[in-house]
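A structural walkthrough
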Amino acid sequence: MKHFKNMSIPYILWALAFIVAPFILIIIYAFTDSGQSLTGATFSLDSFRDMIDPLYATVFIRSFETGVITTALCFLFGYPMAYFITKFSERVQPVLILFTTIPMWINLLLRTYAWIGILSNNGILNMILKLFHLPQVSIMYTGVAVNIGLICNFLPFMILPIYTSLSKMDPSLLEAAYDLGANKIQAFTKVVFKYSIPGVLNGVILTFLMAISAFVIPKLLGGGQYTLLGNLIE
């Protein structure tokens, strides 16, 4: 047992260096006026006073709303996809997960520029609408464009945790639920969904935090007119 405890030392050191230390620095910067340097730093609450500024309050509210919308839609799209993947054989599931994560292999900046080409006034979307003689839309540099970019970029972070939880579920639990008289809806809500709650929570936390702290997507798809928390920190 002692041997296994020693194996955790590298992770503990990594966590101290890249999680604990940055968190301590954030707290120090929050209560000082040090700027970029800790030399000669003095206690100050100016950072908290800025929070009541109307500009910052608006950004906080907008970031929260955007985070909630992005997280909710990622959940609505991601949960069925994760559940759908678990219905395939164990040989096929890794392939479907691969297709889910392939977009993440491309740089975030390139994926965002691709959405500019799709959503711009002369982009692919309006070309398709024009082809079918439908009214064209102008959603570039709006909250809609930002939400589309956030959802498409962060959807895999919702799918993977939920899939991980669902893939560990014993199929005999569903069989037992059916044997006890549960219908498909009851079996899903009482067994499947409850079993997937840890994955749902992980996906929700990951997606929400990344959505409110994003800066590349709001900067490019919002055109600087849709500022989120990440753009203030940028």
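Along each chain, numbering runs from 1 in the same order as the chain's sequence is written. Only residues with pLDDT of at least 70 are given local features in this predicted model, and only at 80 or more are side-chain atom pairs given and counted; all residues enter the totals for whole chains, interfaces and linings. With hydrogens and water set aside, each side-chain value is computed from the structure's full complement of heavy atoms.

With respect to the overall build of the chain
Runs of H or I in DSSP of at least four residues are treated as helices and runs of E of at least two as strands, each being numbered from the N terminus. Along the backbone of the chain there are 12 helices and 0 strands. Listed N to C, the secondary structure of the chain is α-α-α-α-α-α-α-α-α-α-α-α in terms of helices and strands. Here the globule rule is a power law, 2.2 Å times the number of residues to the power 0.38, and the radius of gyration is based on C-alpha atoms. A compact globule built from 234 residues would reach a C-alpha radius of gyration of about 17 Å, whereas the chain, at 23 Å, exceeds it by more than 25%. Overall, the chain is about 70 × 70 × 30 Å in size when its C-alpha atoms are taken along their principal axes. Partly exposed residues are those whose accessible area sits between 20% and 50% of the maximum for their type, while under 20% is buried and over 50% is exposed, using a 1.4 Å probe and protein chains only. Burial status across the chain gives 31% buried among its 234 residues. Throughout, a residue-residue contact means that at least one pair of heavy atoms, one from each residue, lies within 4.5 Å. For the chain, the proportion of contacts with a sequence separation of at least 24, taken over those separated by at least 6, is 63%. Within the structure as shown, the chain displays about 15300 Å² of accessible surface, and the carbon and sulfur contribution to it stands at 72%. In this tally, Asp and Glu contribute negative charge and Lys and Arg positive charge; neither His nor the terminal groups of the chain are included. Where a charge sits is defined by one atom per residue type, namely NZ (Lys), CZ (Arg), CG (Asp) or CD (Glu). Within the chain, one finds 13 positive and 10 negative side-chain charges whose respective centroids are separated by 9 Å. The Shrake-Rupley method, run with a 1.4 Å probe, gives the accessible areas here. Residue values count only the displayed protein chains as cover.

Examining the layout of surface pockets
Here the second largest pocket defines a volume of roughly 240 Å³. Lining the second largest pocket are Y83, T86, K87, E90, Q93, L166, S167, M169, P171 and L174. Listed by contribution, the elements that provide at least two residues to the lining of the second largest pocket are α4 (54-86), α8 (143-167) and α9 (171-179). The class makeup of the residues in the lining of the second largest pocket is 5 nonpolar, 3 polar and 2 charged. Note on definitions: the grid is 1 Å and covers protein atoms alone; a cavity is a set of points where a 1.4 Å probe fits but cannot get out; a pocket is an open set with protein on both sides within 12 Å along at least five of seven lines; lining residues have an atom within 4 Å of a point. Grid points are joined across faces, edges and corners, and a volume is the space filled by probe spheres set on the points. Under the grouping applied here, Gly and all other residues not named as nonpolar or charged are polar, the nonpolar ones being Ala, Val, Leu, Ile, Met, Phe, Trp, Tyr, Cys and Pro and the charged ones Asp, Glu, Lys and Arg.

Quick look at helix α2 (residues 9-30)
For a helix, the expected span equals 1.5 Å multiplied by the number of residues minus one. When the terminal C-alpha atoms of α2 are compared, their 30 Å separation across 22 residues agrees well with the 32 Å that a helix rising 1.5 Å per residue should span. The seven residues ending at a residue and the seven starting there each receive a fitted axis; the angle between those axes is the bend at that residue. In α2, a bend of some 35 degrees at L16 exceeds every other bend along the element.

Description of the packing of aromatic side chains
Any Phe, Tyr or Trp ring, taking Trp's six-membered ring, that has another such ring centre within 6.5 Å forms a pair; planes under 30 degrees apart are called stacked, those over 60 apart edge-to-face, and the others tilted. Under the definition given, this model contains 7 aromatic pairs. Both rings, one in F64 and one in F208, keep their centres 5.9 Å apart while their planes meet at 80 degrees; by these two values the pair is edge-to-face. A residue pair is termed long-range when its members are at least 10 positions apart, and F64 in helix α4 and F208 in helix α10 (residues 184-213) qualify at 144 residues. Look at F84 and F88: their rings are 5.0 Å apart centre to centre, the planes differ by 75 degrees, and that puts the pair in the edge-to-face class. Joined through ring pairs, the aromatic side chains of F75, Y79, Y83, F188 and F193 make up one cluster.

Remarks on the nonpolar core
Nonpolar core, defined: a set of buried Ala, Val, Leu, Ile, Met, Phe, Trp, Tyr and Cys residues in which side-chain atoms within 4.5 Å join the residues together. One finds Y79, A82, I162, L166, L174 and V192 to be the most contacted residues of the largest nonpolar core, which totals 19 residues. Elements that contribute at least two residues to this core include exactly α4, α8, α9 and α10. Ranked by the residues each element gives to this core, the list is headed by α8, at 7 residues. With residues near it in sequence (within four places) discarded, L166 still touches Y79, A82, Y83, T86, V192 and S196. Counting residues in hydrophobic clusters, the runner-up holds 15 residues, among them I139, M140, A145 and V216.

Considerations on the packing of α9 against α10
In a pair of packed helices, the angle between the axes and the distance between the axes together describe the arrangement. Lines are fitted to the C-alpha atoms to define the axes, a helix being fitted only along its stretch in contact, and any angle between axes, read from their N-to-C directions, falls within 0 to 180 degrees. Taken N-terminus to C-terminus, the directions of α9 and α10 make an angle of 145 degrees; their axes are 10 Å apart at the nearest point. Where α9 crosses over α10, the handedness of that crossing is right-handed. Each of L173, L174, A177 and Y178 in α9 lies in contact with α10, whose residues at this interface are K184, A187, V191, V192 and Y195. Helix crossings are classified by the rotation of the near helix relative to the far one: an anticlockwise turn of less than a right angle makes the crossing left-handed, while a clockwise turn makes it right-handed.

Focus on the confidence of the model for the chain
Every residue carries a pLDDT, the predictor's confidence in it, which falls somewhere between 0 and 100. Summarising the model, the chain shows a mean pLDDT of 83, and 91% of its residues fall at 70 or more. Looking at the elements of the chain, mean pLDDT is at its lowest for helix α12 (residues 229-233), recorded as 63, and at its highest for α8, recorded as 91.

What to know about helix α5 (residues 93-101)
For α5, the full list of buried residues reads Q93, I97, T100 and T101. Angularly, the buried residues of α5 cover 85 degrees about the axis, an arc narrow enough to put them on a single face. In the core, the buried residues of α5 are packed alongside α4 and α8. Think of the arc as the fan of directions from the helix axis to the C-beta atoms.

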